[in-house]
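Remarks on the overall topology
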Amino acid sequence: MIVSALLTSVGINTGLCVLLLSLYSVLRKQPGNVYVYAPRGVAEEQAKREGHFSLERLVPSPGWILRAWRVSEDEFLSAAGFDAFVFMRIFIFSVRIFSIAGIIGVFVLLPLNFTGDQLRTADWADIPNQSLDMFTIANVQDSSKRLWVHFCAVYVISGAACCLLYLNEAEKLYKKILHLRNKPRLQRESHREGFLGLFGAKVDPVDLYTKKLEDVEENVKLEQSTLNQNQKELSAAFVSFRSRYGAATASRVVQSSNPLLWVTEPAPEPRDIYWPFLSAPYIQLWISKFVVVVAVFFLTILFLVPVTFVQGLTQLTELEAFLPFLKKVLKITIVSDIITGYVPSLILQMFQYIVPPIMMLFAAMRGYISNSGKMKSACIMVLYFTIWNVFFATVLSGSVISQINTFISNPKDIPRQLAVVVPGQATFFITYVLTSGWTGLSLEIARVFPLIGNFLIRHCCKVTDDADCAPLFPYHRDIPKVLLFGLLGFTYSLLAPLIMPFLLVYFFVGYIFYRNQMLKVYSPRFETAGKFWPIVHNCTIFSLVFMQIMAIGIFGVKKLPFASGWVIPMTVITLLFNDYCRKRFLPIFDKYPAEILIKRDREDERNPQMMASFLDSLVNAYRDPALQPVQYSLDESGNRTSLLSFS
């Protein structure tokens, strides 16, 4: 890929970002879109936006950016929840470490790479037609003393990443978790009753929905009477204790000589329970996990088809050989720039959109009893899938496929082989950051698909929006994407530092955009107590080690074996640092410290009335949704009454 193709991709994606942000800035001010852009504060936002029409609603304004930026961390934590706080820490960590890596890469390594003459001498007068490989480490002469600057960059970036990971992130999150665990806990319009509200006779909506509520009430009563008549006990129960320490001890002790006969674990909070697998036998859970593993494997293999096709588009010579009738078209500069610089990353991004929903379905089949556990499992599967299919499969779909036997027969040569092929994919990943990162953020803030759905619901189906319509944030979709960009940042900060400015723009803008979305759009329906952070930590360590392995390989290829050998101590130090962090911080994400539990129990002993009220509330807190009212109707005076009552 040449520089002009990259500039074409930058222009297209920048134009899309400006267009989507302008549309968002205008559409968010319209009263009818409050359920799309501010569902967490529907009543407040509607009161602000109702009234006479004004031209201000049609003028884009950046005020929402300042409001999202000015919210303090404590206010954000209180409003968005701890999982959202952890998610934003990923961006803060990324901005800090890649600012350091970006300064080193852009102002030190990039000039050294471009002024090298391994590939060809730099032509400053014809930069648009220069190959982007000129900006990579491949352009530095073999055995050149310039490579020692790259060697120093490996140590500086690795050391900075470990320091930031420990001092600014792990310690802060650890203290936050301990702190949190130590705290106590209009007008009516006639609707048509036919299909989509487009056909049939016009009826009063109150009469229509009253009749539907009566039908629902009868159906629910019938189903509940059937459940009550069954009288069959399930092989699962919620057990409450009078002390937190006792509950924690019981959940960790093996209750039977056969560990599979009687399994105990801490109960999720009531709003976090996933009921379908609560009483599933162990053999069913084992089979479900096996089926999911097989399904994920075949999905991974199937996804190699679009990845290989996408890589074919990045090589004009291969594309001309495969489709010879397009030779004349591909010789047009603008066409070739779009096909090689924009289309491949766009196609790959379109295929990626279907992966998170599929992985969430697979996670639901694995037998988790909590929504947070299901979300975490889906996040891990999407992360593995993304790193393999987007990163490694993209790299291996090129020249290394022909050398796969070398990989198998000589594993020691893997770093050297990777050092040859990974820099060659830098140009594709730069365009991927533009398409998936920049444009992806703009699509997230503009919420195009929810906007279309809201329009259809309001104008076709004539459905009144629910005041509690804020969606759950898709952590399983966005955390793997951010971590993939982190892997690209660490890997190419040494090999192709031209990617760093594009990544920094993504992380900085993403921090603002996601803060706005967490405060305005998404609702924290359940919490994982920060359990996404160990995933972030492990992936960061993997990225660092992979960067160091790439450094070992690239210095070997560049005939600088002394530098290659001295990178190994940094890899050992990184792994030791990871082992220390796992022992120091990981237990707090899985277990409650006995010190805090005993302290809270003693506080409860001094306030017996509050403890008695809490134990009474447990009676109904964990009632199966099938046995409690979930619908409400209005009486004649307009007051809410329970649709179903229990004597």
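One can find the structure itself at the top, above this paragraph.
Here's a quick rundown of the structure. (Residues numbered from 1 in each chain as written. Predicted model: local features only at pLDDT ≥ 70, side-chain atom pairs only at ≥ 80, totals over all residues. Heavy atoms only, no water.)

Our next topic: a nonpolar patch on the surface. Taken together, the side chains of Leu 260, Tyr 282, Ile 283, Trp 286, Ile 287, Phe 290, Val 291, Leu 361 and Met 365 make up a nonpolar region of the molecular surface, amounting to roughly 900 Å² of accessible area. Listed by contribution, the elements that provide at least two residues to the nonpolar patch are helix H10 (282-314) and helix H15 (355-365). The biggest single contributor to the nonpolar patch is H10, with six residues. With respect to the element layout, Ile 287 can be found in helix H10. (Patch = residues over 30% accessible without salt bridge, like charges linked within 9 Å, V, L, I, M, F, W, Y side chains within 5 Å. Areas by Shrake-Rupley, 256 points an atom, 1.4 Å probe, with all protein chains shown as cover. Salt bridge = Lys/Arg side-chain N within 4 Å of Asp/Glu carboxyl O. Helix = DSSP H or I, 4+ residues; strand = E, 2+ residues; numbered from the N terminus.)

The next subject is the side chain of Ser 442. Here Ser 442 is to be found in helix H19 (residues 426-446). Note on Ser 442: relative accessible area 1%, which makes it buried. Not counting residues within four places of it along the chain, the set of residues in contact with Ser 442 comprises Cys 17, Leu 20 and Leu 21. (Buried < 20%, exposed > 50% of the residue type's maximum accessible area, 1.4 Å probe, protein only. Contact = heavy atoms within 4.5 Å.)

Okay, the packing of aromatic side chains next. Within the structure shown, the criterion is met by 46 aromatic pairs. When the centroid spacing of 4.8 Å and the interplanar angle of 20° are considered together, the rings of Phe 114 and Phe 135 count as stacked. One end of the pair, Phe 114, is in helix H6 (residues 82-114); the other, Phe 135, is in the loop between H6 and helix H7 (147-181), with 21 residues separating them in the sequence. The interplanar angle of 70° and the centroid separation of 5.0 Å between the aromatic rings of Phe 303 and Phe 385 together place this pair among those described as edge-to-face. Highlighted residues: Phe 303 in helix H10 and Phe 385 in helix H16 (residues 371-396), separated in sequence by 82 residues. Comparing Phe 303 with Phe 385, the two get one shared label, buried. (Phe/Tyr/Trp six-rings, centres within 6.5 Å; stacked < 30°, edge-to-face > 60°.)

As far as function goes, none of this settles anything; it's purely spatial.
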